[in-house]
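Understanding the architecture of this molecule
Letter by letter, the chains look like this.
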Amino acid sequence: YMNALVKKLDKEIIFLICSNEKINIDYFNTETTTAIAGPNHELLDMYAFAACDYIIGPPSTFTMWASFYGNVPLYMMKDKNANNIIEQNFKP
């Protein structure tokens, strides 16, 4: 999904990665992607997502609430097809 977004927007993007599990942020940093770790606290992670330009995440009330609170477009990962990752009305 991250690579599909980078290709579709063709610009530098910084990804905020939040999880309730321990993550290795270096895994997400590649030649085409830059990632930073979230605050690692459920409330602070949600507020951090709410401050983003776009949210990509699994279907959950957590990402839905962050999207609602920050008025941020949300793409829910429901399958492995990332072709429709950007809504047509999204203007980064």
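Please refer to the structure higher up on the page.
Here the structure is a predicted model, which is why all the values come from computation and not from measurement.

Criteria and thresholds
Residues numbered from 1 in each chain as written. Predicted model: local features only at pLDDT ≥ 70, side-chain atom pairs only at ≥ 80, totals over all residues. Heavy atoms only, no water. Helix = DSSP H or I, 4+ residues; strand = E, 2+ residues; numbered from the N terminus. Contact = heavy atoms within 4.5 Å. Areas by Shrake-Rupley, 256 points an atom, 1.4 Å probe, with all protein chains shown as cover. Phe/Tyr/Trp six-rings, centres within 6.5 Å; stacked < 30°, edge-to-face > 60°. Buried < 20%, exposed > 50% of the residue type's maximum accessible area, 1.4 Å probe, protein only.

1. Some points on the overall build of the protein
Across its full length, the protein carries three helices and four strands. Look at the contacts in the protein between residues 6 or more apart in sequence, and 32% of them connect residues 24 or more apart. Surface exposure of the protein reaches about 6700 Å², of which carbon and sulfur atoms provide 53%.

2. Examining the packing of aromatic side chains
Going through the model one piece at a time under the given rule, you end up with five aromatic pairs. Between the aromatic rings of Phe-49 and Phe-62, the centroid separation amounts to 6.1 Å while the plane-to-plane angle is 75 degrees, which identifies the pairing as edge-to-face. With Phe-49 in helix H2 (residues 42-50) and Phe-62 in helix H3 (residues 61-70), this pair connects stretches of sequence that are 13 residues apart. Given the relative accessible area of 11%, Phe-49 is considered buried. Measuring from centroid to centroid gives 5.2 Å for Trp-65 and Phe-68, while their planes differ by 35 degrees, and the two rings are tilted. Of this pair, Trp-65 and Phe-68 are both found in helix H3, three residues apart, which corresponds to roughly one turn of the helix. For Trp-65, a relative accessible area of 42% gives the class partly exposed.

3. A few points about H2
Along H2, the positions that sit buried rather than exposed are Asp-45, Met-46, Ala-48, Phe-49 and Ala-50. For H2, the secondary structure elements touched by its buried residues are strand E1 (14-17), strand E3 (55-57) and H3.

4. A look at unusual backbone geometry
A positive phi angle, near 70 degrees, is found at Asn-40, a position not held by glycine. Within the secondary structure, Asn-40 is located in the loop between strand E2 (34-37) and H2. For Asn-40, a relative accessible area of 61% translates into the label exposed. For Asn-71, which is not glycine, the phi torsion reads 55 degrees and is therefore positive. Mapped onto the secondary structure, Asn-71 falls in the loop between H3 and strand E4 (74-76).

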